[in-house]
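# Overview (structure and organization)
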Amino acid sequence: MSAPVLTTARLELWQPGPGDLADLFQLTFAEETRRFLGQFVPTETDAFARLLRNAGSWSLWGYGTFMVRLKGADRIVANCGVFRSHRGFGTDQGLDNVPEAGWIIHRDHWGQGIAREAMEAALAWFDAVHGPQRVACMIEQGHAASDRLAQRLGFVPYGRQENETGQPLILYERLP
């Protein structure tokens, strides 16, 4: 590994690398973690596709999600940041072709403020490097912890959508 892009009081935020596959797979392995991620059962192939999407966002747009580690540690404890995705909801929902925020925290680190610390750093970095602009995110209805975090980060609800299994999603945006 080279060096983290960002550091905070407790965390190092790294660009994705080939050695991150196993930890990324473990990040979404716990059923509790997947509860609000569409209820898929992860495979290493899914983790590889997520790793490629993360690296591709960095390559094409100059930003993406970070592999988050505790300072000095090797294990990924979260995947957080601003990335580019195409959800296919249509332009009226404003989530395609726009920077999107997202966070996944390993269940062993829930309730420790990891998501907030990582996302505050990632959003500040994004604004400084790419200029303040609209950033969107989506949260499955009922995910109270993510709803609270989104609002603390300055996101406000603006719409609704359904995921591939019919679960309602709340769409949020953070305006410049």
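Residues numbered from 1 in each chain as written. Predicted model: local features only at pLDDT ≥ 70, side-chain atom pairs only at ≥ 80, totals over all residues. Heavy atoms only, no water.

### Some details on the nonpolar core
Formally: Put simply, a nonpolar core is a bunch of buried Ala, Val, Leu, Ile, Met, Phe, Trp, Tyr and Cys residues held in one set by side-chain atoms that sit within 4.5 Å of each other. Throughout, exposure labels follow a simple rule: accessible area from a 1.4 Å probe, protein chains only, divided by the maximum for the residue type, with under 20% read as buried, over 50% as exposed, and the rest as partly exposed. Numbered from the N terminus, helices here are DSSP runs of H or I no shorter than four residues, and strands are runs of E no shorter than two. Pairs of residues are marked as contacts when any of their non-hydrogen atoms sit within 4.5 Å.
Among the nonpolar cores identified, the biggest contains 32 residues, and Leu13, Phe66, Val68, Cys80, Trp103, Cys137 and Phe155 are the most heavily contacted of them. Among the secondary structure elements, those contributing two or more residues to this core are strand E2 (11-14), strand E3 (65-70), strand E4 (76-84), strand E5 (99-105), helix H4 (114-130), strand E6 (135-140), helix H5 (144-152) and strand E8 (168-174). Looking at this core element by element, the count peaks at nine residues for H4. With near-sequence residues (within four places) excluded, Phe66 lies in contact with Val5, Leu6, Leu13, Trp14, Gln15, Trp58, Ala78, Asn79, Cys80, Gly81, Ala122 and Trp125. Core analysis: the next-biggest nonpolar cluster, separate from the first, contains seven residues, Leu51, Met67, Ile76 and Ile104 among them.

### Looking at the pairing of E6
This is how the line gets drawn: In this description, strands pair whenever DSSP reports at least two bridges between them.
The buried fraction of E6 amounts to five of the six residues, a majority that puts the element mostly inside the structure. Two strands pair when backbone bridges link them, and E6 and E8 are joined in this way by six bridges, in the antiparallel orientation. Bridging across to E8, Val135 finds its partner in Arg174.

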